[in-house]
Amino acid sequence: MAHFDAPAPLLPVLIDRQSRWLAEKPALVCDDVRWTWGEFGARLRRFAAALSASGISPGDRVLVVMSNGPEMVEAMFGALRAGACVVPLNVSVAPSAMAAMVEDSGAAAVIVSEEHRAQFAPSRHGGVRLWLVADGQQRASAPPPAPWTAYAPWLTRPVDDRHVEHIARLEIAPDALCNIIYSSGTTGIPKGIAHDHRRRIDWAHSIALALRYDSRAVTLCPIGLYSNISWVSMLSTFVVGGTLVIERQFDPAAVLRSITAHRVTHGSLVPIIVQRLLEAPEFASADLSSLRALMCCGSPLPPPVKLRALRDFGCAFIELYGLTEGVITTLDPEDAAGRESSVGKPLPGTDLLLLDEQDRPVAPGGSGEIVARGHITMVGYYNRPDVDAESSWRDPDGRLWFRTGDIGRLDEQRFLYIVDRKKDMIISGGQNIYPADIEAVAAAHPEVAEVAVIGIKSSKWGETPYAVVVPRRSTDDEEHLASELRDWINARVGRQQRIAGVAIAAGLPRNPNGKILKRELRRAYASLESLVA
């Protein structure tokens, strides 16, 4: 038994200690807002005490639907400081998806930006005890309608000392849930990816090391802070005691100005952002000399864009393959020459195998489904033992591995290459889109007999959804029907799920068991790439 009790600090304790020892150092910058680490820590403790005073207890789920800004960082990490589990949601999904996720998570509190308040109907969610709405610009306005409470007055009102003392003494268990990030879209049963505190802090340390973070880090966050990609930036920066630079929205010229003005060193990007930065008129004259490492993930980079990024950003440009579930590989720039299409090797502590269709390890040089095992893998899907079972493979020694659903191959030096996706997920602009969600909406149209949604290559988004529809009756004007269906579907799905178009077909290819063969559809409609932006 150890003489000194020295448990590894979890994220809330780590941030607390950074706020004491780095009190004067900048922690967060957003427009004119600047918080030192001392101010950041104090704000999180105050937020946590206010949650406690509002009846939110350790283990409760706090759902956050906010636009990028200081308040969102404060709400998410203040909730963690209170021992709650934070549930950040993509702001672009449809209200029906929001409602499903409120119920699935069993949220005790919902915190939104004013512009997203209309997406919720509080009367439908009797289990929610606290409804907070933040006005990020702090404009004077009338109080929000009940049961909503204005964020700023709620946060600044006096709190009984017992709640302050409770937060100061609170100990969070390593196996307590840290966050739930939903991977599902608008319909069907939501699928929440759950991480506990121990795995999340291990994830943060591992990824910060792989992406070359240290105490000098000044990290740009141009992507929605609900995204696990932004959590890469935030947690890596917190681990090393760096500075976050939050962009309220992505604009290429503004991002390039921020890099110069704040001497940004690090950032987490997606392919569309990389491409738009490289193509921006201001790129050639921008001072990017402060950059030390940029990471790109979400979908494969087109080879020409990747080659230019490696050359023109003037820093370590690292492509990352990863799943929110906790599987990560990186391709270091020193290894990129001659293997630009590789996604590298797994982070230290993670192991990978490739399995054939009979779940047997593939021979060297062969392709197979990627399965992974390691200390940063999620706890599981929240309240979804059925999905846990589907996504698990047990090896001959009885150990469980996570099925990624992606097909890969390893070269002779064991660098990983992604060959295809076993699952039909579409990655558009770095966001995961599930065809089944769009198909469920499209199938409700009275003229739709069958529908399959596939990903079509897009020069702008990497991929974009496209629907192949078998109509209930033939028509002499397929173009008109396709246009009508596209508009009808896009009016009912989330912004990022909108389809680029509709193809009218006489039937869908199926295997003997009746399963639609989407690979054949992708092949048949590959020529649409030239028609899709």
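To keep things clear, this report deals only with the structure shown in the data block. (Residues numbered from 1 in each chain as written. Predicted model: local features only at pLDDT ≥ 70, side-chain atom pairs only at ≥ 80, totals over all residues. Heavy atoms only, no water.)

1. A closer look at the pairing of strand β14 (residues 316–323)
Rules: Think of it in three bands: residues with accessible area under 20% of the maximum for their type are buried, residues over 50% are exposed, and the middle band is partly exposed, with areas taken using a 1.4 Å probe on protein chains only. The helix count covers DSSP runs of H or I at least four residues long, the strand count covers runs of E at least two residues long, and both are numbered beginning at the N terminus. Note: two strands are recorded as paired if DSSP finds a minimum of 2 bridges between them. By convention, a crossover is right-handed whenever its connection, traced from the first strand over the helix to the second and viewed with the strands pointing away, goes clockwise.
The element β14 is largely enclosed, with a buried count of seven among its eight residues. Direction of pairing for strand β13 (residues 293–296) relative to β14: parallel, over a ladder of four bridges. Residue pairing for β14: methionine 295 is matched across the bridge by isoleucine 318. Traced from β13 through helix α11 (residues 303–312) to β14, the parallel crossover comes out right-handed. Two strands pair when backbone bridges link them, and β14 and strand β15 (residues 327–331) are joined in this way by five bridges, in the antiparallel orientation. In the strand pairing of β15, leucine 323 is matched with valine 327. Two successive antiparallel strands, β14 and β15, enclose a turn made up of three residues, where glycine 326 displays a positive phi of approximately 110°.

2. As for the environment of arginine 403
Put simply, the rule reads: In protein, a polar contact requires one atom able to donate a hydrogen and another able to accept it; more generally it is a pair of N or O atoms within 3.5 Å, and residues adjacent in sequence count only if both atoms are side-chain atoms.
Note on placement: arginine 403 falls in strand β21 (residues 400–410). Taking relative accessible area as the criterion, arginine 403 reaches 12% and is therefore assigned buried. Taking the C-alpha atoms as reference points, arginine 403 and methionine 295, separated by 108 residues in sequence, lie 24 Å from one another. Among the polar contacts listed, one links the side chain of arginine 403 to the side chain of aspartate 359, at a separation of 2.4 Å.

3. Structural notes on unusual backbone geometry
In this chain, alanine 146 is followed by proline 147 through a cis amide linkage whose omega measures 5°. Relative to the elements of secondary structure, proline 147 occurs in the loop between β6 (130–134) and β7 (148–150). The residue asparagine 383 is not glycine, and still its phi comes out positive at about 55°. You can see asparagine 383 is positioned in the loop between β19 (380–381) and α12 (385–390). The exposure class of asparagine 383 is exposed, given its relative accessible area of 55%.

4. Quick word on helix α1 (residues 11–21)
Selection criterion: Throughout, a contact is declared for two residues whenever any of their heavy atoms are within 4.5 Å.
Listing the buried residues of α1 in full gives Leu11, Pro12, Leu14, Ile15, Asp16, Gln18 and Ser19. The inward-facing, buried residues of α1 contact α2 (37–53), α3 (70–81), α7 (197–210) and α8 (228–240).

5. Section: the pattern of salt bridges
Close approach of charged atoms lets side chains of opposite charge pair. The cut-off we apply is this: The term salt bridge refers to a pairing of a side-chain nitrogen on Lys or Arg with a carboxyl oxygen on Asp or Glu at a separation within 4 Å.
Counted under the stated rule, the structure contains 26 salt bridges. Taken together, the shared-partner salt bridges in this structure form one network comprising Asp16, Arg45 and Arg81.

6. Considerations on the nonpolar core
Heads up, the rule is: For our purposes a nonpolar core is just a set of buried Ala, Val, Leu, Ile, Met, Phe, Trp, Tyr and Cys residues, chained together by side-chain atoms within 4.5 Å.
Counting 122 residues, the largest nonpolar core has Phe77, Phe120, Met234, Val274 and Phe313 as the members making the most contacts within it. When neighbours within four sequence positions are excluded, phenylalanine 77 is seen to be in contact with Leu11, Ile15, Leu44, Trp231, Met234, Leu235 and Phe238. Counting 18 residues, the second-largest nonpolar core is a separate cluster that includes Ala482, Val493, Ile499 and Val502.

7. A look at the packing of α1 against α8
Put simply, the test is: Working convention: axes come from line fits to C-alpha atoms, limited for helices to the stretch in contact. Angles between N-to-C directions cover 0 to 180 degrees. An angle below 35 degrees is read as roughly parallel, one above 145 as roughly antiparallel, one from 65 to 115 as roughly perpendicular, and any other as oblique. Definitions for this section: a left-handed crossing has its near helix turned counterclockwise from the far helix by less than a right angle. A right-handed crossing has that turn clockwise. Side-chain classes follow a simple rule in which Ala, Val, Leu, Ile, Met, Phe, Trp, Tyr, Cys and Pro form the nonpolar group, Asp, Glu, Lys and Arg form the charged group, and the remainder, Gly included, forms the polar group.
Two numbers describe how α1 lies on α8: the axes approach to 9 Å, and their chain directions differ by 50°. Our classification of the angle between α1 and α8 gives oblique. The interaxial crossing formed by α1 with α8 has left-handed handedness. Seen from α1, the contacting residues are Leu11, Leu14, Ile15 and Gln18; seen from α8, they are Leu235, Phe238, Val239 and Val240. In terms of residue class, the contact of α1 with α8 is made up of seven nonpolar, one polar and no charged.

8. Let's talk about the sheet that holds strand β11 (residues 243–246)
Here nine strands make up an open sheet; going across it, the order is β2-β1-β11-β10-β12-β13-β14-β15-β16 and the pairing mixed. Here the strands that pair on one side only, and so sit at the sheet edges, are β2 (33–36) and β16 (345–346). Sheet topology note: the strand β1 (residues 26–30)/β2 ladder contains four bridges and is antiparallel. Along β2, the bridge assignment pairs valine 29 with arginine 34.

9. Notes on the packing of aromatic side chains
Under the convention used in this document: Within 6.5 Å between ring centres, the rings of Phe, Tyr and Trp (the latter by its six-membered ring) count as paired, and their orientation is classed by plane angle as stacked under 30 degrees, edge-to-face over 60, tilted in between. Charge over a ring is defined by NZ of Lys or CZ of Arg lying within 6 Å of the ring centre and within 35 degrees of the ring normal.
Enumeration according to the criterion identifies 14 aromatic pairs in this entry. The interplanar angle of 75° and the centroid separation of 5.2 Å between the aromatic rings of phenylalanine 47 and tryptophan 154 together place this pair among those described as edge-to-face. Pair noted here: phenylalanine 47 is in helix α2 and tryptophan 154 is in helix α5 (residues 151–156), with a separation of 107 residues, a long-range link. An identical accessibility class is assigned to phenylalanine 47 and tryptophan 154; each is buried. Each member of the aromatic cluster is reached from another via a ring pair, and the members are Trp35, Trp37, Phe40, Phe77, Trp231 and Phe238. The ring of tryptophan 203 has arginine 200 sitting right over it, with the charged end atom 4.2 Å from the ring centre. Lysine 345 extends its terminal NZ or CZ atom over the ring of phenylalanine 415, reaching a point 4.5 Å from the ring centre.

Function cannot be inferred from these measures alone, as they are strictly geometric.
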